[in-house]
Amino acid sequence: MSTASLKGVRVSLDELIAMRLRARRSRPTARVKGGHAATHASRFRGRGVDYVESRAYQPGDDIRQMDWRLTARSGRPHTKLFQEEREQSILLLVDHGPSMRFGTRVRFKSVQAARAAALVAWAAVHGGDRIGAVGFGPGLNAEVKPGGGPRGALRVLRALVEWDAIAARGGPAESLSQALQRAHRLARPGTRVIVLTDGFSADAAAEGPLSLLAGHCDVATVLLSDALEQAAPPPARYAVRSEAGRVLLDFAAARTRARWPQLFAERRALLTGMLQRRALRSVVLDTRAEPDAVLMRVLGLDPRQHTVRSA
C-alpha cells in the first residue's frame, strides 16, 4: 500500500514533527516563590513545590509553614521557604483501541489523537515542560516517562507511531482502568494528564483510578469523534467492511437514522458520566477539525476561555 493511501489512516512521524510549527505556548501564570509560595493558589491543583531553605520567622509569615524541628533546636521560630517547581510534567494517556481505528472524514480517530498529542508535546517543549505518554490498546502496555526538550517530545512522537503499528496488528487490549492505574503510578503530584480517547474503551472499574489520579493531578479529556457517529448518513443502503467481512447497513428507515447517533452517545456515556461527576474538563475533537483551538482550551492556554464545557 502506498504512502499516499495511508494518509489519514496510519500515524505519520513526519506529520507529527510538522506539528511543531503550529504549537504556541504562553504560560498563563507566573512562577511563585518565597515564604508564601505554598499558600498561593496555583492554576493547576496539586502543583508540586520544592523546599529551598528555612529562615528566621518574620511577621506575616504563614504559621502553617513553620519549621518546627529547627525552631525546637535553635529556640527561635523559623519558617520554611518553598519554590514552585520550574518544570511541569504533562502526561498523555492515548487510546489505541479498535474503535479508534475508524474515520469517514479526512482521517481516523487514532490519527487525529496522535496529531493532538504531538501538538501538546511541542507545546510542552515551548513551555519548558516535560512530556510523557502512556499507550493502551490491542497488544499495548507501553509508556514513555516524562522528559524535557525536543528529545523528550521526539521520544513520545516515535512511540505514538510505534504504538499505532502495534495496535493495527490486534491482540488482547488493556482496559482504561488499567491504563489509568499505570498513569497514576507514573504521574507526580501536579502533573497535567490529558486523556485522548473516543470513550468506547471505558470500563466501570475506571472510576476509582480516575478519581485517584484527579486527586493529585490536573486531568482533562479529549473525546475523539467522527461525523458518522454524530449523525446518520442520508437514506440509503451502505456496504462497509469490518473484521467480520462485508456488512450492509440500511438507513432507509427514519427510526434507524434517529437511533444511530444515540448508539454512539450511549457507548460514551460511561466515561462522560465519570468526567461530569468529577467535574473534569473535556472537549470533543472531530476527525475533520484541526486540533489547535481545542487543545489550547484543554491546556488552559486560551486567554479568552479558561473553562471548557463538558462533553
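Rules used in this analysis
- Residues numbered from 1 in each chain as written.
- Predicted model: local features only at pLDDT ≥ 70, side-chain atom pairs only at ≥ 80, totals over all residues.
- Heavy atoms only, no water.
- Buried < 20%, exposed > 50% of the residue type's maximum accessible area, 1.4 Å probe, protein only.
- Helix = DSSP H or I, 4+ residues; strand = E, 2+ residues; numbered from the N terminus.
- Contact = heavy atoms within 4.5 Å.
- Pairing = 2+ DSSP bridges.
- Axes fitted to C-alpha atoms, helices over the stretch in contact; angles between N-to-C directions.
- Parallel < 35°, antiparallel > 145°, perpendicular 65-115°, else oblique.
- Left-handed = near helix turned anticlockwise from the far one by under 90°.
- Nonpolar A, V, L, I, M, F, W, Y, C, P; charged D, E, K, R; others polar.

Here we look at helix 6 (residues 176-186)
Taken together, the buried positions of helix 6 are occupied by Leu176, Ser177, Ala179, Leu180, Arg182, Ala183 and Leu186. Close packing links the buried residues of helix 6 with strand 4 (89-95), strand 5 (130-137), strand 6 (140-148), helix 7 (207-216) and helix 9 (254-277).

Looking at the pairing of strand 6
Inspection of the sheet shows strand 5 paired to strand 6 by 7 bridges, in the antiparallel sense. When the bridges of strand 6 are listed, Arg130 appears paired with Gly148. Where strand 5 hands over to strand 6, the hairpin turn is made up of 2 residues, of which Gly139 adopts a positive phi near 70 degrees.

Description of the sheet that holds strand 11 (residues 281-286)
Spatially, the 6 strands line up as an open sheet ordered 6-5-4-7-8-11, and their pairing is mixed. Where the open sheet ends on each side, the last strands, each with one partner, are strand 6 and strand 11. Taking the axes of each pair of neighbouring strands and ignoring which way they run, one obtains an average angle of 15 degrees across the sheet. Sitting on the sheet, helix 5 (residues 149-168) is in contact with strand 4, strand 5 and strand 6, with an inclination near 170 degrees to strand 6. Relative to the sheet, helix 6 contacts strand 4, strand 5 and strand 6, its axis offset from that of strand 5 by approximately 155 degrees.

What about unusual backbone geometry?
The backbone of Val106 sits at a positive phi, close to 75 degrees, despite the residue not being glycine. Inspection of the secondary structure puts Val106 in the loop between strand 4 and helix 4 (109-126). Non-glycine residue Ala279 carries a positive phi angle of around 55 degrees.

Some details on the pairing of strand 11
The side chains of a regular strand alternate between the sheet's two faces. Across the 6 residues of strand 11, 5 count as buried, placing the element largely inside the fold. Looking at chain direction, strand 8 (residues 218-225) and strand 11 are connected through 6 bridges and run parallel. Note on strand 11: the bridge partner recorded for Leu224 is Leu285.

Overview of the packing of helix 6 against helix 7
Helix 7 packs onto helix 6 with a crossing angle of 25 degrees between their chain directions and a minimal axis gap of 9 Å. It follows from the interaxial angle that helix 6 and helix 7 lie roughly parallel. Handedness of the crossing formed by helix 6 with helix 7: left-handed. The segment helix 6 lies against helix 7, with Ser177, Leu180, Gln181, Ala183 and His184 engaging Pro209, Leu210, Leu212, Leu213 and His216. Tallied by class, residues from the contact of helix 6 with helix 7 come to 6 nonpolar, 4 polar and no charged.

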